[in-house]
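Chains, contacts and geometry: an overview
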Amino acid sequence: MATKTKEPEAASERIPPMQRLLDNPFLLLFLGVTMPTVLYLMWGLMEITQIPIAE
Amino acid sequence: MSIAESHSGIIGGIAARFRTCPATGLQIDLAAERLIKANAVAAVVFLLVGGVFGLLVALTRWPAVHLLPADMFYLVLTAHGLDVLLLWILFFEMAVLYFASAVLLNCRLAAPRFAWLAFILMLVGGVLTNIAVLQGDSSVMFTSYVPMQASPNFYLGLILFAVGALIGCLVFLGTLVIAKEEKTYEGSIPLVTFGALTACIIAIFTIASGAIILIPTWLWSLGYISHIDTLMYKLIWWGMGHSSQQINVAAHVAVWYAIAAITVGAKPLSEKVSRTAFLMYILFLQLASAHHLLVEPGISAEWKVFNTSYAMYLAVLGSLIHGMTVPGAIEAAQRRNGFVNGAFEWLRKAPWGNPAFAGMFLSLVLFGFLGGISGVVLGTEQINILMHNTLYVPGHFHATVVAGTTLAFMALTYLVLPLIFQRKVILPGLAKWQPYLFAIGVSGISLFMMGAGTLGVSRRHWDITFSDAALSFDYPSAAFLMLGLNGLSAILAAVGGGLYIVITVGSLLFGEKVTADNVVEALGPMPTRKVSEAVKEYGNAGTFHLPGTYILVAVFFTAFVLYYFVNWKYVSDLWPMG
Ligand code: HEM
Ligand SMILES: [Cu+2]
């Protein structure tokens, strides 16, 4: 069912930024991995490594 | 599926065999179809095994029955969590990923050989871990917290399984790339595929966290590493343990949209809003992993509050949006189908006799009311302390992952059987009742475990009478009643689950072949008597006249707010001030 795409290159410029984000799986993948890695894992690990070791 | 009905097409220079689906007109890549079948069958087998273990656990926690001895209880509990939460769900999710990419995008599957490698790794890993557990020296339960140590094969199996799942995710992404390059769809990918993409993205973070923690733990069990920090383990493990549940949420929400589209022709109220809700999942759901560490000393309140309160509520907002747009989309479609009277004719005249629809709607309601509300309560730092590590926790997640995800997947099966396996569902009279039976049973286990937890009963505890303990303790007698009712509900859920297995396996073996002539009838009662285009296309319902949905949403919020504040009231009793 390969449809001919009529849209010329110029049309792509009118796509709103939000839709462009939602249409870009790899950008979403980047965001979806970076957010929890930084805010949950790295921040959490930083705090844990700063706990002083019991004597 | 005989080869004669199929034909070859050259796509991207690679030949692939297709058949044309008589119901939807979609071209179905036979390689994708075989993979969907294999993964779905593996899933159902593990549901059977894990479900039996679940029943044994529930019967042991029923004080009057107290079925298993203590060591067996912990062994079986470990096997239960492993087989249902990991194996059943993830195998089924692989099938969903292949379906949402290759089938819905009308495209060939990228690298089917790798997808088979993924399947084999997952199967070998799953079996290996099961063997390790059944041998008895790995009763570390689902969380496998260090310093408890399982046998090396327990971890190795999990690692192999995770690598397999990761390959499956890459095949999904590869298929998206192929479909885009070959322009097998117009504009944006369908919403169901977008939901699957959300699940896939969360899965990649999940699997990475799993690898970061399980590989060192495996080496530790082999003696190559001397020490694993317990708190570090918990932090990273929950990056996997919690996020994996969010794969399920994203996947079952996608399944809700798919079933609503196929059975009543529902289109999303607003593609934009639904996609943004999935984006909230991608950005924030995984941060809520922190709610599992709310009582850990050593991590700051800032970290806890940021990750649970701020981020979690944004993710919850995503769920609230789906919780409103799915019934809204159904209402809009049903009104288009002619059920326009009053606020609720659309709901009354919905195809309740179609197990796919009924299962989907029950999953939606139970997930929202039981799972969602209890989840927010547990995820709030201050009131978490009321229920932390009690049976309330399994009560909550049986509402999310059993009443929500499992029931949604069961419902989807009733469409997958005719569409992919090309078999009619056997015993339609019983199939009609299956979702109701299972839903009632699961609601019971969920509510009664929550009830027992509210009375303070611990989770993962073999003997609540403390019969041979040095210090005695008495739970209120209501707690014993709750556990008894939980046992009865477990039997009901097991009957409902067993029925699902019998129907599914029976349909595979003995179901009537589905052809172009009977395919629509094979999908069960549907108001439109044809499969709408909604599932494979981008497009809005184009109406917001949804009085019934607004009433349902108002009821939900009232329940939510009341229950939430009741728990704050309980906290103030726990810690009297002034
Ligand atoms: C017949 C259906 C089922 C019954 C009767 C059942 C019952 C139970 C019971 C009584 C517990 C133990 C609570 C405790 O002592 O801490 C439990 C734990 C658990 N269940 Fe189920 N369950 C069922 C299905 C499922 C399904 C389908 C899933 C996942 C999709 C699931 C996931 C889990 C998990 C992850 C645990 C926790 C294991 C652990 O603490 O390590 N259950 N279940
Ligand atoms: Cu969680």
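To start, this report covers the structure provided alongside it. Counting of residues starts from 1 at the beginning of each chain's written sequence and follows it residue by residue. For this description, chains carry letters from A and ligands carry numbers from 1, given in the order in which they are written. This being a predicted model, a pLDDT of at least 70 is required before a residue's local features are given, and a value of 80 or more before pairs of side-chain atoms are given or counted; all residues contribute to the totals for chains, interfaces and linings. Side-chain calculation: all heavy atoms of the structure are included, whereas hydrogens and water are not.

1. Overview of the overall build of chain B
Condition: Strands are runs of DSSP state E lasting at least 2 residues, helices are runs of H or I lasting at least 4, and numbering of each runs from the N terminus. Accessible area is worked out with a 1.4 Å probe on protein chains only. A residue is then buried under 20% of its type maximum, exposed over 50%, and partly exposed in between. Two residues form a contact once any of their heavy atoms are found within 4.5 Å. Note on areas: these come from Shrake-Rupley sampling with a 1.4 Å probe, and a residue is covered only by the protein chains present in the view.
The helix and strand inventory of chain B stands at 16 helices and three strands. With the principal axes as the frame, chain B shows a C-alpha extent of 70 × 60 × 45 Å. Per-residue burial for chain B yields a buried fraction of 61% across its 578 residues. A sequence separation of at least 24 residues applies to 82% of the contacts in chain B between residues at least 6 apart. Accessible surface for chain B amounts to roughly 21200 Å². Of this, 70% is attributable to carbon and sulfur atoms.

2. Some thoughts on the overall build of chain A
Regarding its fold elements, chain A presents two helices and zero strands. A burial count over chain A gives 24% of its 55 residues as buried. Within the structure as shown, chain A displays about 4100 Å² of accessible surface, and the carbon and sulfur contribution to it stands at 68%.

3. Focus on the pattern of salt bridges
It is possible for side chains bearing opposite charge to pair when their charged atoms get close. All names here are of chain B. The condition is simple: Salt bridges are identified by distance alone: a Lys or Arg side-chain nitrogen within 4 Å of an Asp or Glu carboxyl oxygen.
Counted under the stated rule, the structure contains seven salt bridges over all chains. With its nearest N and O atoms 2.7 Å apart, the salt bridge here joins Arg275 to Glu271. Of this pair, Arg275 and Glu271 both sit in helix 7 (residues 271-284), four residues apart, which is roughly one turn of the helix. Judged by relative accessible area, which is 0%, Glu271 ranks as buried.

4. A few points about the site of ligand 1
Residue and element names in this part refer to chain B. Quick reminder of the rule: We call a residue near a given molecule or strand whenever any one of its heavy atoms falls within 4 Å of it. Under the rule applied, a polar contact is a pair of N or O atoms within 3.5 Å (in protein, one hydrogen donor and one hydrogen acceptor; residues adjacent in sequence only if both atoms are side-chain atoms). Residues are sorted three ways: Asp, Glu, Lys and Arg are charged, Ala, Val, Leu, Ile, Met, Phe, Trp, Tyr, Cys and Pro are nonpolar, and all the rest, Gly among them, are polar.
In the vicinity of ligand 1, 27 residues are found, and the nearest of them are Arg61, His80, Phe142, His398 and Arg460. Contact distances for ligand 1 include 2.9 Å between an oxygen atom and a side-chain N or O atom of Arg61. In the model, a nitrogen atom of ligand 1 is placed 2.7 Å from a nitrogen or oxygen of the His398 side chain. Breaking the shell around ligand 1 down by element, the ones donating at least two residues are helix 1 (30-61), helix 2 (70-103), helix 12 (392-419), helix 13 (428-454) and helix 14 (477-510). Taken together, the residues that form the shell around ligand 1 break down as 19 nonpolar, five polar and three charged.

5. Observations concerning the coordination of the copper ion (ligand 2)
Defined as follows: Metal coordination here is assigned from N, O and S atoms located within 2.8 Å of the ion, or within 3.2 Å for Na, K and Ca; omission of water means that sites may look incomplete.
Coordination sphere of the copper ion (ligand 2), protein contribution only: His242(B) (ND1), His291(B) (NE2) and His292(B) (NE2), at 2.0 to 2.1 Å. Mapping the donors of the copper ion (ligand 2) onto the primary sequence gives the spacing H-x48-H-H.

6. Looking at the coordination of the iron atom of ligand 1
All names here are of chain B. Put simply, the test is: Under this scheme a four-donor centre is tetrahedral when all angles range from 85 to 135 degrees, a four-donor centre is square planar and a six-donor centre octahedral when opposite donors are above 155 degrees with the rest from 65 to 115, and any other centre is irregular.
Within the protein, His80 (NE2) and His398 (NE2) serve as the donor atoms for the iron atom of ligand 1, at 2.0 Å. Seen from the iron atom of ligand 1, its six donor atoms lie at angles of 86 to 179°, and the figure they make is octahedral. In this pair, His80 sits in helix 2 while His398 sits in helix 12, placing the two residues 318 residues apart along the sequence. Look at His80 and you get buried, because its relative accessible area is 15%.

7. Digging into the environment of Tyr233(B)
Residues and elements named next belong to chain B. Among the structural elements, Tyr233 can be located in helix 6 (residues 230-264). For the pair Tyr233 and Val146, spaced 87 residues apart in sequence, the C-alpha separation works out to 7.1 Å. Leave out the neighbours within four places in its chain, and Tyr233 touches Thr143, Ser144, Tyr145, Val146, Ile213, Thr217 and Ile228.

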